[in-house]
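# Survey of secondary and tertiary structure
The primary structure of each chain is shown beneath.
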Amino acid sequence: MKLDFRNSMPVQRTTLGDFELTVLSDGNYWADGGTMFGVVPKVLWSKRIEADERNRIPVGLNSILVRTGEHNVLIETGIGPKLDDRMRRVFEPQEKLMRSIEQAGVSPDEIDIVINTHLHFDHCGWNTVLEKGRVRATFPRARYYVQEGELHHARLQLERDRVSYLTDNYDPLVESGQMHLLRGPSEVVPGVSVEVFPGHTKHMQAVILKSGGKTACYISDLIPDTAHLDLTWVLSFDLFPLETIENRKRFYQRAVPQQWLVLFTHDVTIPWARVQSAGEGKYLVAS
Ligand SMILES: [Zn+2]
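First, a word on scope: everything that follows refers to the structure included in this document. All of these numbers come straight from a predicted model, not from anything done at the bench.

Within the protein chain one finds 7 helices and 17 strands. Against the 2.2 N^0.38 benchmark of 19 Å for 287 residues, the protein chain shows a C-alpha radius of gyration of 18 Å, consistent with a compact globule. Considering only C-alpha atoms, the protein chain reaches an extent of 50 × 45 × 35 Å along its principal axes. A total of 287 residues make up the protein chain; the buried ones form 56% of that total.

Right under this line is the structure:
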């Protein structure tokens, strides 16, 4: 059976105190189901998400636009337009983010902050575009933010994960001075801060939004979607799976009792939800 998850979501908005949050989407791409669920047997994960005849599952690419009143903050920039032909055949990117930004009623010039949680190609693809043979910033007025340690790791180009790091997504911004490198937890603008949650990579940062006594968190690939809420359902891509489990615990210790709105980077249908414990390391979308 052919699945059809490839229609984009309608514009979805919510408020968090004085902030307005809009889900943007770069469309979906395909990933091998096994790589997405690591040591979890297929008989279990296939109850949560159905694979196609090539064992692929659809993966969402959710960015969040945060209008704080003073700033337009873009969290993540999707898979982008610069994959080579081989990667295009594998992932079938849809490259919808710019249209999604337009639908949300902002122009690229109006984005003044871009935050990358890490530098895997499916999180920073629209940081830059190729124009007349040159790579330039997609958001010309924006300051971009990532952890310094993540950039350092990306530049090592290690055998294990160099395929995930496409240098055109970040090096031109470092050279132009637009990429700002953070060391550990930092406030980017009032109410928008980042905190490192190691596991997927050593320096992956979550984005924490606080306004009017409410909190939301873009937890990125530490918990990529609602099929990965349980502590031990860890991606095979994670470089430090035991740290993923410990950091998920650290996250839930705050997010569950304080009823944080959890923003999911790769969920095809649920971009945000509150989460509750179901006991024994299991978690559910709160009803
Ligand atoms: Zn990643």
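Moving on, we get to the sheet that holds strand E3 (residues 56-67). Taken in spatial order, the 7 strands of this open sheet run E1-E2-E3-E4-E5-E8-E9, and their pairing is mixed. Of all the strands in the sheet, just strand E1 (12-16) and strand E9 (179-182) have a single pairing partner and so form its edges. Geometrically, the sheet is characterised by an average inter-axis angle of 25° between neighbouring strands, direction not taken into account. With 3 bridges connecting them, strand E4 (residues 72-75) and strand E5 (residues 113-115) associate as parallel partners. The partner of Leu 74 across the bridge, within E5, is Val 114.

Attention shifts here to the sheet that holds strand E15 (residues 272-273). Spatially, 6 strands are ordered E10-E11-E12-E13-E14-E15 in an open sheet, and the strand pairing comes out mixed. Strands with a single pairing partner mark the edges of an open sheet, and in this sheet they are strand E10 (186-189) and E15. With 2 bridges connecting them, strand E14 (residues 261-263) and E15 associate as antiparallel partners. Within E15, the position partnered with Leu 263 by the bridge is Trp 272.

Within the structure shown, the criterion is met by 2 cavities of 30 Å³ or more. Of the volumes computed, that of the second largest cavity is approximately 30 Å³. If you trace the second largest cavity, you find it lined by Leu 61, Asn 62, Glu 76, Gly 78, Asp 122, His 123, Tyr 218 and Thr 265. Among the residues making up the lining of the second largest cavity, the classes are represented as 2 nonpolar, 4 polar and 2 charged.

This part covers the coordination of the zinc ion. At the metal site, the zinc ion is ligated by His 118 (NE2), His 120 (ND1), His 200 (NE2) and Asp 221 (OD), and these contacts range over 2.1 to 2.3 Å. Seen from the zinc ion, its 4 donor atoms lie at angles of 83 to 173°, and the figure they make is irregular. Between consecutive donors of the zinc ion, the numbers of intervening residues give the motif H-x1-H-x79-H-x20-D. Of this pair, His 120 sits in the loop between E5 and strand E6 (128-131) while Asp 221 sits in the loop between strand E13 (214-218) and helix H7 (241-255), placing them 101 residues apart in sequence. For the pair shown, His 120 and Asp 221 are each scored as buried.

Attention now moves to H7. Taking 1.5 Å per residue as the helical rise, H7 with its 15 residues ought to reach 21 Å, and the 20 Å between its terminal C-alpha atoms agrees with that figure. By the burial criterion, the buried members of H7 are Thr 244, Ile 245, Asn 247, Arg 248, Phe 251, Tyr 252 and Ala 255. Elements that come into contact with the buried residues of H7 comprise E13, E14, strand E16 (275-279) and strand E17 (282-285).

A few words on the layout of surface pockets. What the largest pocket holds in volume is close to 480 Å³. Contributing to the lining of the largest pocket are 25 residues, with Thr 35, Phe 91, Phe 121, Ser 164 and Phe 237 lying nearest its centre. Contributions of two or more residues to the lining of the largest pocket are made by strand E2 (19-32), helix H1 (33-37) and helix H3 (85-91). By residue number, the principal contributor to the lining of the largest pocket is E2, which donates 4 residues. A class-by-class count of the residues in the lining of the largest pocket yields 11 nonpolar, 7 polar and 7 charged. Of all the secondary-structure elements, those providing two or more residues to the lining of the second largest pocket are H1, E3 and E17. Here the lining of the second largest pocket gets 3 residues from one element, more than from any other, and that element is E17. Residue composition of the lining of the second largest pocket, grouped by class: 12 nonpolar, 4 polar and 4 charged.

What counts, and at which threshold
- Residues numbered from 1 in each chain as written.
- Predicted model: local features only at pLDDT ≥ 70, side-chain atom pairs only at ≥ 80, totals over all residues.
- Heavy atoms only, no water.
- Helix = DSSP H or I, 4+ residues; strand = E, 2+ residues; numbered from the N terminus.
- Rg over C-alpha atoms; globule rule 2.2 N^0.38 Å.
- Buried < 20%, exposed > 50% of the residue type's maximum accessible area, 1.4 Å probe, protein only.
- Pairing = 2+ DSSP bridges.
- Axes fitted to C-alpha atoms, helices over the stretch in contact; angles between N-to-C directions.
- 1 Å grid on protein atoms, 1.4 Å probe; cavity = no way out; pocket = protein on both sides within 12 Å on 5 of 7 lines; lining within 4 Å.
- Points joined across faces, edges and corners; volume = space filled by probe spheres on them.
- Nonpolar A, V, L, I, M, F, W, Y, C, P; charged D, E, K, R; others polar.
- Donors = N, O, S within 2.8 Å, 3.2 Å for Na, K, Ca; no water.
- Tetrahedral: all angles 85-135°; square planar, octahedral: opposite > 155°, others 65-115°.
- Expected span 1.5 Å × (residues − 1).
- Contact = heavy atoms within 4.5 Å.

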